[in-house]
Amino acid sequence: MAKQRHPSFVCQECGAVYNRWKGKCEACGGWNSIVEETGSASPMAGPVATRPSRAKGRIFPLEGLSGETKEAPRTPSGIAELDRVTGGGFVHGSVILLGGDPGIGKSTLLMQATAALAKRGERVAYISGEEAVAQVRLRAERLGLGQAPVELASETNVEDIIATLSQGRPPALAIIDSIQTMWTETVESAPGTVTQVRGSAQALIRFAKTTGTAVILVGHVTKDGQIAGPRVVEHMVDAVVSFEGDTGHHFRILRAVKNRFGPTDEIGVFEMSDQGLREVPNPSELFLAGRDMATPGTAVFAGMEGTRPLLVEIQALVAPTSLGTPRRAVVGWDQSRLSMVLAVLEAHGGLKLGMHDVYLNVAGGLRITEPAADLAAAAALISSLSGNALPPDTVYFGEMGLSGAIRPVAQEQARLKEAAKLGFASAISPQPRLDKAKGSKNERLPLATSAIGHITDLVANIAVRRRKAS
Ligand code: TYD
Ligand code: MG
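These numbers come from a predicted model, not from an experiment.

A.B. asks: For the nonpolar core, give the residues involved together with the corresponding values.
C.D. replies: Counting residues in each nonpolar core, the largest one holds 60 residues, and the members touching the most others are W333, L345, L360, L366, I368, L381 and L458. Of all the elements, helix α8 (residues 374–386) adds the most residues to this core, at eight residues. For this core, the two domains that each supply at least three residues are domain 2 (74–281) and domain 3 (285–469). Apart from residues no more than four positions distant in its own chain, L345 is found in contact with G350, L351, L353, A378, L381, I382 and I455. Counting 34 residues, the second-largest nonpolar core is a separate cluster that includes I96, L98, I104 and F243.

A.B. asks: Account for unusual backbone geometry, with residues named and values stated.
C.D. replies: Residues other than glycine predominantly adopt negative phi, and peptide bonds predominantly adopt the trans conformation. Residue S178 is bonded to the preceding D177 through a cis peptide linkage, with omega at 5 degrees. Mapped onto the elements, S178 comes out in the loop between β9 (173–177) and α5 (194–211). In this structure, N32 takes a positive phi of about 55 degrees despite not being glycine. With respect to the helices and strands, N32 occurs in the loop between β2 (17–18) and β3 (34–37). Here Q411, not a glycine, exhibits a phi torsion of approximately 55 degrees, which is positive.

A.B. asks: Help me get a handle on the site of ligand 1, residues and values and all.
C.D. replies: Residues in close proximity to ligand 1 total 16 residues, the closest being G103, K106, S107, T108 and G276. Contact distances for ligand 1 include 2.5 Å between an oxygen atom and a side-chain N or O atom of T108. The contact in question runs from a nitrogen atom of ligand 1 to an N or O atom on the side chain of R142, over 3.4 Å. If ligand 1 stood free it would expose 560 Å²; the protein chains cover 73% of that surface. Breaking the shell around ligand 1 down by element, the ones donating at least two residues are α2 (106–119), α3 (133–142) and β13 (267–273). Per-element accounting of the shell around ligand 1 gives the leading share, three residues, to α2. Its residues assigned to classes, the shell around ligand 1 shows four nonpolar, seven polar and five charged.

A.B. asks: Explain the side chain of S189 to me, using residue names and the numbers behind them.
C.D. replies: Note that S189 resides in the loop between β9 and α5. In contact with S189, other than residues within four places in its own chain, are E37, T38, T195 and Q196.

A.B. asks: I'd love a proper account of the pairing of β13, names of residues and values included.
C.D. replies: The buried fraction of β13 amounts to five of the seven residues, a majority that puts the element mostly inside the structure. Strand direction decides the pairing type here: strand β12 (residues 251–259) and β13, joined by five bridges, are antiparallel. In the strand pairing of β13, I253 is matched with V269. Here β13 folds back onto strand β14 (residues 276–279), and the loop between the two strands holds two residues.

A.B. asks: Lay out the environment of G303 in plain terms, naming residues and giving numbers.
C.D. replies: With respect to the helices and strands, G303 occurs in strand β15 (residues 298–305). As for G303 and L416, which are separated by 113 residues in sequence, their C-alpha atoms are 9.8 Å apart. Once residues lying within four places of it in the same chain are set aside, the contact partners of G303 are R308, P309, L310, E370 and R415.

A.B. asks: Explain the pattern of salt bridges to me, and be specific about the residues and the numbers.
C.D. replies: Going through the model one piece at a time under the given rule, you end up with 16 salt bridges. Close ionic contact of E26 with K22 constitutes a salt bridge, the shortest N to O distance being 3.0 Å. The partner of R139 in a salt bridge is E131, and the shortest N-O contact between them spans 3.0 Å. Using a relative accessible area of 16% as the deciding quantity, one classes E131 as buried.

A.B. asks: So, α2: which residues are in play, and what are the values?
C.D. replies: In a regular helix each residue adds 1.5 Å, so 14 residues correspond to 20 Å; α2 covers 20 Å between its end C-alpha atoms and thus fits that length. In terms of burial, α2 is largely enclosed, as 12 of its 14 residues are buried. For α2, the complete set of buried residues consists of K106, S107, T108, L109, L110, M111, Q112, A113, T114, A115, L117 and A118. Following α2 by one or two positions, G121 adopts a phi angle in the positive range, close to 95 degrees.

A.B. asks: Describe the packing of aromatic side chains, and please don't skip the residues or the numbers.
C.D. replies: Here the structure, examined in full by the defined rule, presents two aromatic pairs. When the centroid spacing of 6.1 Å and the interplanar angle of 80 degrees are considered together, the rings of F243 and F270 count as edge-to-face. Of this pair, F243 sits in strand β11 (residues 239–244) while F270 sits in strand β13, placing them 27 residues apart in sequence. Overall, F243 belongs to the buried group, its relative accessible area being 3%. Exposure remark for F270: the relative accessible area of 1% places this residue in the buried category. R415 extends its terminal NZ or CZ atom over the ring of F397, reaching a point 5.5 Å from the ring centre.

A.B. asks: Can you lay out the sheet that holds β3 for me, pointing to particular residues and giving the numbers?
C.D. replies: With antiparallel pairing, three strands are arranged side by side in an open sheet as β2-β1-β3. The open sheet terminates on both sides in strands that have one partner only, identified here as β2 and β3. Examined bridge by bridge, strand β1 (residues 8–11) and β2 share two bridges and lie antiparallel to one another. Looking at the pairing, V10 lines up with V17 of β2.

A.B. asks: Outline the sheet that holds β15, supporting the account with residue identities and numerical values.
C.D. replies: Read across the open sheet, the seven strands follow the order β17-β18-β16-β15-β19-β22-β23; overall the sheet is mixed. The open sheet has two edge strands with one neighbour each: β17 (328–331) and β23 (448–452). Within the sheet, the average angular offset between the axes of one strand and its neighbour, ignoring direction, is 25 degrees. One ladder, built from seven bridges, connects strand β16 (residues 308–320) with strand β18 (residues 356–362); its direction is antiparallel. For L317, the partnering residue across the bridge sits in β18 and is Y359.

Rules and cut-offs
Residues numbered from 1 in each chain as written. Chains lettered and ligands numbered in written order. Predicted model: local features only at pLDDT ≥ 70, side-chain atom pairs only at ≥ 80, totals over all residues. Heavy atoms only, no water. Core = buried A, V, L, I, M, F, W, Y, C linked by side-chain atoms within 4.5 Å. Buried < 20%, exposed > 50% of the residue type's maximum accessible area, 1.4 Å probe, protein only. Helix = DSSP H or I, 4+ residues; strand = E, 2+ residues; numbered from the N terminus. Domains from an automatic or database assignment. Contact = heavy atoms within 4.5 Å. Near = heavy atom within 4 Å. Polar contact = N/O pair within 3.5 Å; in protein donor to acceptor, adjacent residues only side chain to side chain. Areas by Shrake-Rupley, 256 points an atom, 1.4 Å probe, with all protein chains shown as cover. Nonpolar A, V, L, I, M, F, W, Y, C, P; charged D, E, K, R; others polar. Pairing = 2+ DSSP bridges. Salt bridge = Lys/Arg side-chain N within 4 Å of Asp/Glu carboxyl O. Expected span 1.5 Å × (residues − 1). Phe/Tyr/Trp six-rings, centres within 6.5 Å; stacked < 30°, edge-to-face > 60°. Lys NZ or Arg CZ within 6 Å of the ring centre and 35° of its normal. Axes fitted to C-alpha atoms, helices over the stretch in contact; angles between N-to-C directions.

Without other data, these values stay purely geometric and don't point to any function.
So, in structure tokens, the structure goes:
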């Protein structure tokens, strides 16, 4: 393939290539994200595609589906919450993209992981393109890890990095902090452009595959939650892990977005302390700590994150609006999911919300994606609108349909068990799935449940509390 030499215009958000400048990228809808780049910018150009053409291809053996299989060899980090997310450790030769807002703690987490591995005698390298060696050392000292035998460098040239790491025993783990600061000589574009990021990532991925070193690429995230530039890298790497949380809270959630070697629904929970990130093995206790039980508008949701049950408080505020169009704001949950729940509450629950601002917040900086949170969100909203506080010892879960029907959700037992363990006395949940064949109807539930089949039952349930109270 002939290399493109003429200038091309590349969207810095998604990597789409145009032959002239545009104000808006048609591929991702980003405004002002298109920048002129010289050099090879087409997705297939660059180091991978430059193989001399051959008249005849090499014939390789084709294999069947049945045959010998092996678990991918892994190096566990020893940090349980991190290993849970990667699926049991770093797979040899795999590449992980770790995304997160600036200042969220990516460098801190990776320093702790590399130090833990180095102390166990593995060769690990930490390459920082953002901070000087002295700065990284200072952080390690603050974390009490100053003595760990991590190989440290401040470097941004990918060829130099690969040459250095290729000397001697290949490292078990190499950190590249961050991919946006790296540049490769095989690409002519300026450092920091999408083309450079892609070229650098390609070179580092090839290094990982050939040496068996697990490589972690750090990527910064833009304000709308996308990994800037490195979004074009997402499909090239084996796993994409995001580090979330808001800087005002000390909880941090590590979440696998994509994982070729493990589950994608597991989360790891950490707490940022002055000695770095501390693992949180029992997150429910932490997310419920300091909750306000007497105020209307809060409901406890019994959720699941992967295989782990997680209780979290959902807070709602419904207040008369002073604006022409009422506000709907949500933190930690899906905006369109909130709109749907509000529409169902109006259409089938008899609630009048047209003149009210609605705010919904998931406590602790957690982000919930499960549809099972519908019922808890609805309960919090009804509670806030009606001014009736919900019973503090009750958990809520269930998915809501557009008809107002409450549908059963998976892993009921695990949710109820976690709630019982934390001292909750009852649950408001969908009618249990009657699995007659297994006879699970007779299975003992760990706490008292009120089954709800329709949203009207929930509204009635909360209204009854008012009548009792008055
Ligand atoms: P950092 O790991 O540098 O974030 P990132 O690499 O994602 O940009 O973490 C920066 C923040 O973490 C900084 O605001 C200070 C805070 N921090 C602590 O609270 N405790 C600590 O022990 C450390 C090392 C950092
Ligand atoms: Mg950093």
